[in-house]
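Here are the chains, one letter per residue:
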Amino acid sequence: DQQVKQNSPSLSVQEGRISILNCDYTNSMFDYFLWYKKYPAEGPTFLISISSIKDKNEDGRFTVFLNKSAKHLSLHIVPSQPGDSAVYFCAAISSFAGNMLTFGGGTRLMVKP
Amino acid sequence: DAGITQSPRHKVTETGTPVTLRCHQTENHRYMYWYRQDPGHGLRLIHYSYGVKDTDKGEVSDGYSVSRSKTEDFLLTLESATSSQTSVYFCAIGADSNTGELFFGEGSRLTVL
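Calculation criteria
- Residues numbered from 1 in each chain as written.
- Chains lettered and ligands numbered in written order.
- Predicted model: local features only at pLDDT ≥ 70, side-chain atom pairs only at ≥ 80, totals over all residues.
- Heavy atoms only, no water.
- Helix = DSSP H or I, 4+ residues; strand = E, 2+ residues; numbered from the N terminus.
- Buried < 20%, exposed > 50% of the residue type's maximum accessible area, 1.4 Å probe, protein only.
- Contact = heavy atoms within 4.5 Å.
- Buried area = accessible area lost by both parts, 1.4 Å probe.
- Salt bridge = Lys/Arg side-chain N within 4 Å of Asp/Glu carboxyl O.
- Polar contact = N/O pair within 3.5 Å; in protein donor to acceptor, adjacent residues only side chain to side chain.
- Nonpolar A, V, L, I, M, F, W, Y, C, P; charged D, E, K, R; others polar.
- Pairing = 2+ DSSP bridges.
- Phe/Tyr/Trp six-rings, centres within 6.5 Å; stacked < 30°, edge-to-face > 60°.
- Axes fitted to C-alpha atoms, helices over the stretch in contact; angles between N-to-C directions.

## Here's the deal with the side chain of A:Lys37
Residues and elements named next belong to chain A.
And step 1. Structurally, Lys37 is set in strand S4 (residues 32-38).
And step 2. By relative accessible area, which is 11% here, Lys37 ends up buried.
And step 3. Excluding residues within four positions of it along the chain, Lys37 makes contact with Gly43, Pro44, Thr45, Gly83, Asp84, Ala86, Val87 and Tyr88.

## Remarks on the interface of chain A and chain B
And step 1. Taken together, the contact pairs 18 residues of chain A with 20 residues of chain B.
And step 2. Of the roughly 1600 Å² buried between chain A and chain B, counting both surfaces, carbon and sulfur atoms make up 60%.
And step 3. Between the two partners, chain A and chain B, sit zero salt bridges.
And step 4. Linking chain A to chain B there are two residue pairs in polar contact (both at pLDDT 80 or more).
And step 5. Those elements that place two or more of their residues in the side of chain A that touches chain B are S4, strand S9 (86-93) and strand S10 (101-103) of chain A.
And step 6. Broken down by element, the residue count for the side of chain A that touches chain B peaks at four residues, all from S4(A).
And step 7. The class makeup of the residues in the side of chain A that touches chain B is eleven nonpolar, five polar and two charged.

## Overview of the sheet that holds strand S1 (residues 4-5) of chain A
Residues and elements named next belong to chain A.
And step 1. The strand order across the open sheet formed by five strands is S1-S3-S8-S7-S6, and the pairing between neighbours is antiparallel. Single-partner strands in this sheet number two, and they are S1 and strand S6 (56-59).
And step 2. Here S6 runs beside strand S7 (residues 62-67); their pairing, made up of four bridges, is antiparallel. Following the sheet pairing, Lys56 is matched in S7 by Phe65.

## Topic: the packing of aromatic side chains
And step 1. Taken as a whole and judged by the stated rule, the model has 15 aromatic pairs over all chains.
And step 2. Considering the side-chain rings of A:Tyr36 and A:Phe46, the 5.9 Å spacing of their centres and the 75° angle between planes classify their relative orientation as edge-to-face. Note that A:Tyr36 is positioned in strand S4 and A:Phe46 in strand S5 (residues 45-51), a separation of ten residues in sequence.
And step 3. Residue class for A:Phe46 comes out partly exposed when judged on its relative accessible area of 28%.
And step 4. The rings of A:Tyr36, A:Phe46, A:Phe89, A:Phe103, B:Tyr33, B:Tyr35, B:Tyr48, B:Tyr50, B:Phe90 and B:Phe104 are connected pair by pair, giving a single aromatic cluster.

## Digging into the sheet that holds strand S7 (residues 65-70) of chain B
Residue and element names in this part refer to chain B.
And step 1. Here we have four strands laid out as an open sheet, ordered S1-S3-S8-S7, and antiparallel in their pairing. Edge strands, defined here as strands with exactly one partner in the open sheet, are strand S1 (4-7) and S7. Strand-to-strand twist in this sheet, taken as the mean axis angle between neighbours without regard to direction, amounts to 20°.
And step 2. As paired strands, S7 and strand S8 (residues 73-78) are joined by four bridges and run antiparallel to one another. Along S8, the bridge assignment pairs Ser67 with Leu75.

## Notes on unusual backbone geometry
And step 1. In this structure, A:Pro79 follows A:Val78 across a cis peptide bond, with omega equal to -10°.
And step 2. Counting through the fold element by element, A:Pro79 comes out in the loop between strand S8 (72-77) and S9.
And step 3. Look at the link from B:Ser7 to B:Pro8: it is a cis peptide, with omega at -5°.
And step 4. Positionally, B:Pro8 belongs in the loop between S1 and strand S2 (10-13).
And step 5. Residues other than glycine seldom take positive phi values, yet A:Lys71 does so here, at roughly 50°.
And step 6. Within the secondary structure, A:Lys71 sits in the loop between S7 and S8.
And step 7. A positive phi is found at B:Lys53, a non-glycine position, where the angle reads about 65°.
And step 8. Its place among the elements puts B:Lys53 in the loop between strand S5 (42-51) and strand S6 (54-57).

Structure (structure tokens):
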């Protein structure tokens, strides 16, 4: 039973526009939510995170929004650039579950020039 | 870049043979993890370590064992490889288990024929 789900396996966006990647979760005990970015033939790299006590965190072009009542988070990339084309993984961690990261299935973002 | 290397990067083996993947870090991080990445499943935790000789099972530990005799090395062993273990394996390290921010290696692609 997947506790973290990314329902869109792929997303295509025009360069300069906004990319919105979505993630849903079922475990209300998660303490942190994270986004990782992965290029082909490389390991995932940490992108941005948000604590469960916050509803927004911004870092340059990347903003993560958390809606706890809906158990939903999203990653906004503005403006999107071709170099943002990658697979994005949503992840969550709970101190009540041994601090193990649980990942979603990933969304492949393609930013077209 | 975090000092984390995996070896071998690519391996093809036959069903029933033993396989060992090695993860080496130069960051002196306490926590080390082995994940596997499969299409549609994101990254799933196999085993992790929270110190020398301290290891525990993750979500998909059946058929795998690990050892950590030194802080810098974390070995993943498939005692008798099966085709279902064909995957890309990622090692990760982390200084703090609470926030979920991990540094990943570049991955080891294993094919079991």
